[in-house]
Amino acid sequence: MGVPFEAFIPYAIMLGMFGFSGAALSKLRAMQNGGKRARHSVDTWDRQMMDRDRRLTGFLRGQTDNVRAPAGFELSNPWRIERAFI
Amino acid sequence: MASRQPRFNQQVLIDTTPLPDSIPKVPEIGSSSAPLLSASYFIGARCKAYNDDYMLCKTESNGKGETECLKEGRKVTRCAASVLEDVNKSCLQQFREHWECLDNNNQQLWQCRRWERPLNKCVFDNLNLEKKIPGAPTNEIPVHLRKRQIFAHSIATQ
């Protein structure tokens, strides 16, 4: 007796739909991250380093391996200020 | 980590007055996070003395370290810049492959051991700097030398 392949068609459809949405989300995440995989479990150290990368290269996920920073880098670290309540 | 004081800010101020001329000018390091992480153990191998000096100065200065430890900080910057320059000159290909892998993998060193081994070998041959993990127990193989990385996603990158 043959294999009842018509019974597997719904499973194939479900698998295909899950696969398609997973691939599309992954592509969207890669486009948002400059072609790289997204960062997860980002703690304060990572946030601070990513901020430094943005000051160095202009992109949050940009990387360079120059030895010297561009001119003005040492002055571009911002002071975070808030209005005083009195 | 949850016990840090929150600091909320509405505005940001960028102060563009440069440092006074009495302070010697040292160019800042221009590498971003992934190359720095990749070269960090080599920087530690060559600059351990200067780094320890700087950390000791900051600990002993009781909050005034930003202004009092500038001299030690200049030494740290110069030493790290020298390591990065040497790595760029002699092992650029392996270095780039390693930090590109790290950048793709959430800066996790255990996902990229396959590219780390040729980099370690090249740096050891050319610059005589060996990666050692400080504080590792001596009776076990260090994690970066093990054959199987238990947390890596795939066998291909181990």
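Residues numbered from 1 in each chain as written. Chains lettered and ligands numbered in written order. Predicted model: local features only at pLDDT ≥ 70, side-chain atom pairs only at ≥ 80, totals over all residues. Heavy atoms only, no water.

## Comments concerning the domain arrangement of chain A
Alright, step 1. Split by domain assignment, chain A resolves into domain 1 (1-38) and domain 2 (41-78).
Alright, step 2. On a C-alpha basis, the centroid separation for the pair domain 1 of chain A and domain 2 of chain A is 36 Å. (Domains from an automatic or database assignment.)

## Describing the interface of chain B and chain A
Alright, step 1. At the interface, 38 residues of chain B touch 29 residues of chain A.
Alright, step 2. Across the chain B to chain A interface the summed buried area is about 3,000 Å²; carbon plus sulfur atoms make up 46%.
Alright, step 3. Inspection of the region where chain B meets chain A yields three salt bridges.
Alright, step 4. Put simply, D103 of chain B and R61 of chain A hold a salt bridge, and the shortest N to O gap is 3.9 Å.
Alright, step 5. The tally of links from chain B across to chain A stands at 25 residue pairs in polar contact (both at pLDDT 80 or more).
Alright, step 6. Among the elements of the structure, β1 (11-13), β2 (29-31), α1 (33-60), α3 (70-90) and α4 (92-104) of chain B are those that each provide at least two residues to the side of chain B that touches chain A.
Alright, step 7. In terms of residue count, the dominant contributor to the side of chain B that touches chain A is α4 of chain B (six residues). (Contact = heavy atoms within 4.5 Å. Buried area = accessible area lost by both parts, 1.4 Å probe. Salt bridge = Lys/Arg side-chain N within 4 Å of Asp/Glu carboxyl O. Polar contact = N/O pair within 3.5 Å; in protein donor to acceptor, adjacent residues only side chain to side chain. Helix = DSSP H or I, 4+ residues; strand = E, 2+ residues; numbered from the N terminus.)

## Thoughts on the packing of α1 of chain B against α3 of chain B
Residues and elements named next belong to chain B.
Alright, step 1. Running from N to C, α1 and α3 point in directions that differ by 160 degrees, and their axes come no closer than 9 Å. Overall, the two elements α1 and α3 adopt an arrangement that is roughly antiparallel. Handedness of the crossing formed by α1 with α3: right-handed. Facing α1, whose interface residues are L36, A39, F42, I43, R46, C47, Y50, N51, D53, Y54 and C57, α3 presents E72, G73, K75, V76, C79, A80, S82, V83, L84 and D86. (Axes fitted to C-alpha atoms, helices over the stretch in contact; angles between N-to-C directions. Parallel < 35°, antiparallel > 145°, perpendicular 65-115°, else oblique. Left-handed = near helix turned anticlockwise from the far one by under 90°.)

## A short note on the environment of L75 of chain A
Alright, step 1. On the secondary structure map, L75 of chain A appears in the loop between β1 (65-68) and β2 (79-81).
Alright, step 2. For L75 of chain A, a relative accessible area of 24% corresponds to the partly exposed category.
Alright, step 3. Taking the C-alpha atoms as reference points, L75 of chain A and F5 of chain A, separated by 70 residues in sequence, lie 68 Å from one another.
Alright, step 4. Other than its neighbours up to four places away in sequence, L75 of chain A contacts I14, D15, T16, T17 and P18 of chain B. (Buried < 20%, exposed > 50% of the residue type's maximum accessible area, 1.4 Å probe, protein only.)

## Here's the deal with a nonpolar patch on the surface
Residue and element names in this part refer to chain A.
Alright, step 1. On the surface, V3, F5, F8, I9, Y11, I13, M14, M17 and F18 cluster together to form a nonpolar patch covering roughly 1,100 Å² of accessible area.
Alright, step 2. Mapped onto the elements of the fold, Y11 is located in helix α1 (residues 9-32).
Alright, step 3. Given a relative accessible area of 55%, Y11 falls into the exposed group. (Patch = residues over 30% accessible without salt bridge, like charges linked within 9 Å, V, L, I, M, F, W, Y side chains within 5 Å. Areas by Shrake-Rupley, 256 points an atom, 1.4 Å probe, with all protein chains shown as cover.)

## A closer look at the nonpolar core
Alright, step 1. Ranked by internal contacts, the top residues of the largest apolar core, which has 21 residues, are V83, F95 and V123 of chain B.
Alright, step 2. At the level of elements, α1, α3, α4 and α5 (113-127) of chain B are the ones that each hand at least two residues to this core.
Alright, step 3. Element by element, the count of residues in this core is highest for α3 of chain B, at six residues.
Alright, step 4. Ignoring anything within four residues of it in the chain, the contact list for F95 of chain B reads D65 of chain A together with P35, S38, A39, L84, V87, N88 and L119 of chain B. (Core = buried A, V, L, I, M, F, W, Y, C linked by side-chain atoms within 4.5 Å.)

## Re the state of the cysteines
Residue and element names in this part refer to chain B.
Alright, step 1. All chains considered together, the criterion is met by four disulfides over all chains.
Alright, step 2. Disulfide pairing is shown between C47 and C79; the S-S distance is 2.0 Å. Note on the C47 and C79 pair: the S-S dihedral is about -95 degrees, so by sign convention the disulfide is left-handed. With C47 in helix α1 and C79 in helix α3, this residue pair connects regions lying 32 residues apart in the sequence. Assigned by exposure class, C47 and C79 land together as buried.
Alright, step 3. Across the disulfide from C57 sits C69; the S-S distance is 2.0 Å. Negative torsions about the S-S bond denote left-handed disulfides, and the value of about -95 degrees found for C57 with C69 makes this one left-handed. Here C69 lies in the loop between α2 (65-68) and α3 and C57 lies in helix α1, a separation of twelve residues in the sequence. (Disulfide = S-S within 2.5 Å.)

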